[in-house]
Amino acid sequence: MNILYLMFDQLRFDYLSCAGHPTLHTPHIDSIAAKGVRFTNAYTQSPICGPSRMSAYTGRYPSSHGAQWNGYPLRVGEATLGDHLREAGMGCWLVGKTHMKADVQGMARLGIAPDSVVGKRQAECGFDVWCRDDGLWAVGPDGPYDSKPSPYNDHLASKGYAGANPWADFANAGREGDDIASGWFMRNAGKPAAVAEQDSETPWLTGEAIRFMEATEGPWCAHVSYIKPHWPYIAPAPYNDMYSVADILPPVRSESELQDAHPVYRAFTEGLVGRNFSRDEVREAVIPAYMGLIKQCDDQIGRLLRYLKDSGRDQDTMIVLTSDHGDYLGDHWMGEKDLFHAPSVKVPLIVYDPRASADATRGSTCDALVELIDVTATLIEAAGGEVPDHIVEGRSLMPYVEGRAHPNPRDYAISEYDYACHPVGTALDVPPRDARMVMVATRDWKLVHCEGGLPPMLFDLKNDPDELRDLGRSADHAGVRAEMYGHLHHWARRMSQRLTVSDAQIMARRSGGSSGVLLGVFDEADVPLEESAAYRGKAPE
């Protein structure tokens, strides 16, 4: 069997028609849900690209692997999905984005050559790379955001798009007369990007995925990782004006949220992103473009599904579809992601397994609490491997996919966020080690612990599903906070760093033979005679 591991960037969990969006129709993604399982309570392990993806690729929490912000290197030696799948006999390939930052210093310290097979995998989250493009080719006064070569820019150049950075000048910009109308300025969101639709990022990456499948023999796992619908919010025609203000859902927000607001939440709402997304004119410009980008993504999924069917691979290819985090889009007076309201921290998650063992659950939904790191464990089990649970902290979803009772269901979900490098950390003057938050969510409650002596946030998900009332400082809810902190303390006591010895190896040591070390022995009668055989008898001459 092969595995197609699809990830979109910044795709909200509720911006799919199979998830109930009334005006955005995604029939191709819906068709995967119709033959698989759609998880309705899936949480990312961090509501920002880098740490979310490092968790997805290692199956471990950000505080376990340490790459807790964009651009923080994933330390050399962290076991990844690629390592686990190759051990199970399956190749693991990247087509698209990872947001990975290599631990160059660690590799140098250990003498790992960057151009070796091991070095390349260490620098690429454990993947073998068919094509890597993180899709953010911004340039500022301090230089480029990403200094790696851009295969997408190379593609555009081969198609005749001029300039040093056609990603910025064409694919993510429209035109205003003879001038560039950059997608970085959200007022331009409704303009068509100055690129032919077939040359835009999403179709280009789909083409790379198909070329990979045409050229590669299985069994393989292909992580096809799209940059869209991540900003800049600008789409090529016809997707730029496919949706209008009439298709936008009302914002989920209340003036009461801003009254006596939590210091961290208030700082986010008062930043430039929060202030702008609180304006109706910004939402009315951005959301139709965001929806158009999603529609284009869905159409490209249709293209992938047609290839699988035409090539006969639809019968032996497992599909997992998800996102790294969501997008506030003005809900809760915020834009972007960063905090732990549902639009930011919940992700879409669909698993389709073509094997007969999954027939009982086709077209179903599952409301179990699950985490994005559970995908790592799921793919290992699906590939026929044994999940090394002393390393991988995710829990396989295969019991849900196959309609079995899960042996270890989650009572709560965890997500972490380190905002030390965010402008909010500066605005609040919080020391770097205190600029951290941890969310713990059950079915009924969500608590956000804030380091540095700041109060927690608390939301009643049962009676306030839109999370409009923060009860973190409510005297009437002290008992609930204590219960939620109990979950958090349970999680904090997890065994997360004993990576080189499994429980099974420990149990084998317990039942193993004697090494000849005899502690606390008074005379030969205290232990079986064979254990002291080396220490009895005549002395050598």
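Above this note sits the structure.
Residues numbered from 1 in each chain as written. Predicted model: local features only at pLDDT ≥ 70, side-chain atom pairs only at ≥ 80, totals over all residues. Heavy atoms only, no water.

(A) Quick look at the nonpolar core. One finds L6, Y15, I301 and L304 to be the most contacted residues of the largest nonpolar core, which totals 58 residues. Those residues in contact with L6, other than ones at most four positions away along the chain, are V224, Y226, I301, L304, I319, V320, L321 and T322. Counting 41 residues, the second-largest nonpolar core is a separate cluster that includes M54, M100, C366 and A382. (Core = buried A, V, L, I, M, F, W, Y, C linked by side-chain atoms within 4.5 Å. Buried < 20%, exposed > 50% of the residue type's maximum accessible area, 1.4 Å probe, protein only. Contact = heavy atoms within 4.5 Å.)

(B) Representation of the pairing of strand β18 (residues 457-460) in the model. Residues M457 and F459 line one face of β18 and the alternating positions L458 and D460 line the opposite face, and both faces are buried. With 4 bridges joining them, strand β17 (residues 445-450) and β18 adopt antiparallel strand pairing. Within β18, the residue paired with V448 across the bridge is M457. In this antiparallel pair of consecutive strands, β17 and β18, the connection spans 6 residues, and G452 shows a positive phi of 80°. (Helix = DSSP H or I, 4+ residues; strand = E, 2+ residues; numbered from the N terminus. Pairing = 2+ DSSP bridges.)

(C) Layout of the sheet that holds β18. One open sheet holds the 4 strands; their spatial order is β15-β16-β17-β18, and the pairing between them is antiparallel. Each edge of the sheet is formed by a strand with only one pairing partner; in this case those strands are β15 (413-418) and β18. Mean inter-strand twist for the sheet, computed between neighbouring axes without regard to direction, equals 10°. In this structure, strand β16 (residues 436-441) lies alongside β17, joined through 5 bridges in antiparallel fashion. (Axes fitted to C-alpha atoms, helices over the stretch in contact; angles between N-to-C directions.)

(D) Local environment of the packing of helix α9 (residues 201-215) against helix α12 (residues 280-311). Running from N to C, α9 and α12 cross one another at 15°; their axes reach a closest spacing of 10 Å. As far as their axial angle goes, α12 and α9 are roughly parallel. Along this stretch, α9 crosses α12, giving a crossing that reads as right-handed. Contacts from T202, P203, T206, G207, A209, I210, M213 and E214 in α9 reach Q296, C297, Q300, R303, L304, Y307 and L308 in α12. Split by residue class, the contact of α9 with α12 holds 8 nonpolar, 5 polar and 2 charged. (Parallel < 35°, antiparallel > 145°, perpendicular 65-115°, else oblique. Left-handed = near helix turned anticlockwise from the far one by under 90°. Nonpolar A, V, L, I, M, F, W, Y, C, P; charged D, E, K, R; others polar.)

(E) The arrangement of the packing of aromatic side chains in detail. As enumerated under the stated definition, the model contains 16 aromatic pairs in all. Arranged with centres 5.4 Å apart and planes meeting at 75°, the rings of F212 and W220 form a pair that is edge-to-face. F212 sits in the buried class, given a relative accessible area of 0%. By relative accessible area, which is 1% here, W220 ends up buried. Through a chain of ring-to-ring contacts, three or more aromatic side chains come together here, namely Y15, Y233, F277 and Y290. Here the guanidinium or amino end of K35 rests over the ring plane of Y352, the centre of that ring lying 4.5 Å away. (Phe/Tyr/Trp six-rings, centres within 6.5 Å; stacked < 30°, edge-to-face > 60°. Lys NZ or Arg CZ within 6 Å of the ring centre and 35° of its normal.)

(F) Broad picture of the sheet that holds strand β4 (residues 91-96). Spatially, the 8 strands line up as an open sheet ordered β5-β4-β10-β1-β11-β12-β2-β13, and their pairing is mixed. A strand with exactly one partner marks an edge of an open sheet, and here the two such strands are β5 (128-132) and β13 (364-366). With strand direction ignored, the average angle separating the axes of adjacent strands in the sheet is 15°. Bridging between strand β1 (residues 2-8) and strand β11 (residues 317-323) involves 7 bridges; their strand directions are parallel. Bridge pairing in β11 links Y5 to V320. Against the sheet, helix α2 (residues 49-58) contacts β1 and β10 (220-225), and its axis sits at roughly 165° relative to β1.

Function cannot be inferred from these measures alone, as they are strictly geometric.
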